[in-house]
Amino acid sequence: MLNIVLMAVRKWTNADRREAADEDLMERYRDGDIDAFEILLQRHEKRIFLFILRKVGDRERAGDLLQETFLRVIKSAANYSRKAKFTTWLYTIARNLSVDELRKMKHRRHRSLSSPSSRSEDGPTLYDRLPGKSDDGFTRADATEIRQRIELALNDLSDEQREVFVMREMMNMPFKEIGTVVGVSENTIKSRMRYALESLRLALADYAADMPTSTDPVPKRSRI
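Residues numbered from 1 in each chain as written. Predicted model: local features only at pLDDT ≥ 70, side-chain atom pairs only at ≥ 80, totals over all residues. Heavy atoms only, no water.

## Description of the packing of helix α5 (residues 86–104) against helix α9 (residues 175–182)
This is how the line gets drawn: Lines fitted to the C-alpha atoms define the axes, with helices restricted to the stretch that makes contact. Angles between their N-to-C directions range from 0 to 180 degrees. The helix and strand labels rest on DSSP assignments: H or I over at least four residues marks a helix, E over at least two residues marks a strand, and numbering proceeds from the N terminus. For classification purposes, angles smaller than 35 degrees are called roughly parallel, those larger than 145 roughly antiparallel, those between 65 and 115 roughly perpendicular, and all remaining angles oblique. Should the near helix be turned anticlockwise from the far one by less than a right angle, the crossing is left-handed, and should it be turned clockwise, the crossing is right-handed. Contacts are assigned to residue pairs with any non-hydrogen atoms lying within 4.5 Å of each other. The residue classification treats Ala, Val, Leu, Ile, Met, Phe, Trp, Tyr, Cys and Pro as nonpolar and Asp, Glu, Lys and Arg as charged. All others, Gly included, are polar.
Their axes nearest at 9 Å, the elements α5 and α9 cross at an angle of 45°. One finds that α5 runs oblique with respect to α9. Two packed elements cross with a definite hand, and for α5 against α9 that hand is right-handed. Contacts between α5 and α9 involve T87, T88, Y91, T92 and R95 from the former and E177, T180, V181 and V182 from the latter. Considering only residue class, the contact of α5 with α9 consists of 3 nonpolar, 4 polar and 2 charged.

Shown next as structure tokens:
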């Protein structure tokens, strides 16, 4: 009878893990469920890697910091409690590690927008997510020039504005959660995003005007 009960519990757990919230999985891992951590890793590994990569600009270092991020999750598991969203906690760890790494680097190098946005070499890039590519009749040379213009415009943003833009556009994070990760108010995050969007709009104004449909290069969903 005991074996039957244990089998039923195990079967329910295996079926339920994939649908469980991050916080539930972290609590299960804290209590000894190793498989729960594997699911958390699968859910967030690529996005955390992209987040770190956009911060430090080096794929090898980003991989090292990714491992360190999840090692810290493992080390902190025994004391984990639901004080905030798991993703907020996770991104805060990743951001702090990235900031520390940047302080150690003599020269900060931003990743090209043509670099894959995940470990997959054919993954989407930030450029791919912005409107105004060569699909509407632009030549390859035009597309290359546009990509360079967008990259330069992003690099001209302040570190604070670029960080918020990437977290909002690439990570699809709510303003409130970004504020928690960065450690400032939601209004401050919205202000930084507003300035980032205006700077990008001004920097790319002539490009947008020359397009057949006068497409605004700034993502619409992030307008405030």
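## A short note on helix α2 (residues 22–30)
What counts here: Residue exposure (1.4 Å probe, protein chains only): buried if accessible area is under 20% of the type maximum, exposed if over 50%, otherwise partly exposed.
All of the buried residues in α2 are D22, E23, L25, M26, R28 and Y29. Looking one or two residues beyond α2, the residue adopting positive phi is G32, at roughly 110°.

## Digging into the packing of aromatic side chains
Here is the rule: Think of it this way: a Phe, Tyr or Trp ring, Trp meaning its six-membered ring, pairs with another when their centres are within 6.5 Å, and the plane angle makes it stacked under 30 degrees, edge-to-face over 60, tilted otherwise.
If you walk through the whole model with that rule in mind, you get 5 aromatic pairs. A centroid spacing of 6.2 Å and a plane angle of 80° characterise the contact between F37 and F70, whose relative ring orientation is edge-to-face. Here F37 is found in helix α3 (residues 34–56), whereas its partner F70 is found in helix α4 (residues 59–76), with 33 residues between them in sequence. Overall, the relative accessible area of 9% leaves F37 in the buried class. Look at F70 and you get buried, because its relative accessible area is 5%. On the basis of an interplanar angle of 90° and a centroid distance of 5.2 Å, the ring pair of F51 and Y91 is categorised as edge-to-face. Placement of F51 in helix α3 and of Y91 in helix α5 is noted, with a sequence separation of 40 residues between them.

## Topic: the nonpolar core
Filter applied, for reference: By convention a nonpolar core is built from buried Ala, Val, Leu, Ile, Met, Phe, Trp, Tyr and Cys residues, the set being connected through side-chain atoms within 4.5 Å.
Counting residues in hydrophobic clusters, the biggest one holds 50 residues, and the most contacted among them are M26 and I52. Taken together, the elements giving at least two residues each to this core come down to α2, α3, α4, α5, α7 (140–155), α8 (159–169), α9 and α10 (186–203).

## So, the pattern of salt bridges
We count it as follows: Every case where a carboxyl oxygen of Asp or Glu lies within 4 Å of a side-chain nitrogen of Lys or Arg is listed as a salt bridge.
As enumerated under the stated definition, the model contains 15 salt bridges in all. A salt bridge links E68 to R72, with the shortest nitrogen-to-oxygen separation between them at 3.1 Å. With E68 and R72 both in helix α4, this residue pair falls 4 residues apart, about one helical turn. With a relative accessible area of 24%, E68 lands in the partly exposed category. On the accessibility criterion, R72 (38% relative accessible area) is partly exposed. Between K85 and E177 there is a salt bridge, with the nearest N and O atoms lying 3.3 Å from each other. Here K85, found in the loop between α4 and α5, pairs with E177, found in helix α9; they are 92 residues apart in sequence, far enough to count as distant. Assessed through its relative accessible area of 45%, K85 is described here as partly exposed. On the accessibility criterion, E177 (9% relative accessible area) is buried.

## Quick look at α9
Where burial is concerned, most of α9 is hidden: 6 out of the 8 residues are buried. All buried positions along α9 are accounted for by F175, E177, I178, G179, V181 and V182. Looking one or two residues past α9, G183 carries a phi angle of roughly 95°, positive in sign.

## Quick word on the environment of V164
Position of V164 relative to the elements: it lies in helix α8. Given a relative accessible area of 0%, V164 falls into the buried group.

## Focus on the packing of α2 against α5
Running from amino to carboxyl end, α2 crosses α5 at an angle of 75°, the nearest separation of the two axes being 8 Å. As summarised for this structure, α2 and α5 are arranged roughly perpendicular, according to the angle between their axes. In this structure, α2 contributes D22, E23 and M26 to the contact, and α5 contributes F86, T87 and W89.

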